[in-house]
Amino acid sequence: MPTSVLSDGTIRRLVEEGAIKLDPWDPAMVQPASVDLRLGSSFRVFHNFRVESIDLAHPPTNLTEHVAVGDGESFVIHPGEFVLGRTAEWVELPDDLVARIEGKSSLGRLGLIVHATAGFVDPGWQGTLTLEITNLTRVPIVLWPGKPIAQLSFMTLDAPAQRPYGHPELGSHYHGQVDATESRYEGGPAAR
């Protein structure tokens, strides 16, 4: 079976059948080959003063502080700042699909980047998606939870994964995450 990117009709059908879970689900967020995702209310802000450097042989802990934004409140990301956020949607994938999270071009054109490297969502994933948000401009950007922030596209695998994300042998660090989650990097081969 060849792999392919799922179309809008296929995405809607798989969500309605329960194969893909997006909660909350809004069919109006479906684009021709993706689904728009909204910004959640959970952020992690870096405390650069706590460490001299980030040594990947000995990753630091307690490098970020959790910030929860209340209803009707915004979050300001300053020029050059990097923060972690999360999607409002809870996402669950079956063992025969993967997904890619990408920024929205209209936000990228304003200098807002939503992922640095963590754009791949493994088969079997369950949880909200952590966003790696950067302001590339010279002016602050006001972020509003509930507004579209990213898009998620889906691709079929040639066969179901034998050990999907969350499998006991994998040590899947972020399985079931709800809030923006800081790095749990351990430096080994399963550092995901």
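Caption draft 1: The arrangement of the overall build of the protein in detail. Regarding its fold elements, the protein presents two helices and 14 strands. Considering the protein as a whole, with its 192 residues, one finds that 40% of them fall into the buried category. Long-range pairs, those at least 24 residues apart, make up 74% of the contacts in the protein between residues at least 6 apart in sequence. Summed over its atoms, the accessible surface of the protein is roughly 10400 Å², and 52% of this surface lies on carbon and sulfur atoms.

Caption draft 2: Region of interest: helix α1 (residues 8–17). Buried residues of α1: I11, L14 and V15, and no others. Burial along α1 is one-sided: seen end-on, the buried residues are contained in an arc of 100°. Counted as exposed and oriented over 90 degrees from the buried face of α1: E16 and E17. Buried residues along α1 sit in contact with β1 (21–23), β2 (35–38), β8 (97–103) and β14 (148–156). At the C-terminal side of α1, G18 shows a positive phi close to 90°.

Caption draft 3: The nonpolar core, seen in detail. Core analysis: the largest hydrophobic core is formed by 37 residues, its most contacted members being L22, I133, L143, L152 and F154. Within the residue set of this core, elements represented by two or more residues are α1, β2, β3 (42–46), β5 (75–77), β8, β12 (130–135), β13 (141–143) and β14. Those residues in contact with L152, other than ones at most four positions away along the chain, are L22, S34, V35, L37, V91, A99, R100, I101, V121 and L129.

Caption draft 4: The sheet that holds β1, seen in detail. Taken together, three strands build an open sheet; the order of strands is β1-β7-β11 and the sheet is antiparallel. What marks the edges here is a single partner per strand, and that holds for β1 and β11 (126–127). In terms of strand pairing, β1 meets strand β7 (residues 90–92) through three bridges, oriented antiparallel. Its bridge partner lying in β7, K21 is registered against E92.

Caption draft 5: Up close: the pattern of salt bridges. Scanning the model with the defined rule gives five salt bridges in all. Among the salt bridges present, the one from D36 reaches K104, with a minimum N-O distance of 3.2 Å. Of the two residues, D36 sits in strand β2 while K104 sits in the loop between β8 and α2 (105–108), which places them 68 residues apart along the sequence. Each member of the pair, D36 as well as K104, is classed as buried.

Thresholds, definitions, all that
Residues numbered from 1 in each chain as written. Predicted model: local features only at pLDDT ≥ 70, side-chain atom pairs only at ≥ 80, totals over all residues. Heavy atoms only, no water. Helix = DSSP H or I, 4+ residues; strand = E, 2+ residues; numbered from the N terminus. Buried < 20%, exposed > 50% of the residue type's maximum accessible area, 1.4 Å probe, protein only. Contact = heavy atoms within 4.5 Å. Areas by Shrake-Rupley, 256 points an atom, 1.4 Å probe, with all protein chains shown as cover. Arc of directions from axis to C-beta. Core = buried A, V, L, I, M, F, W, Y, C linked by side-chain atoms within 4.5 Å. Pairing = 2+ DSSP bridges. Salt bridge = Lys/Arg side-chain N within 4 Å of Asp/Glu carboxyl O.

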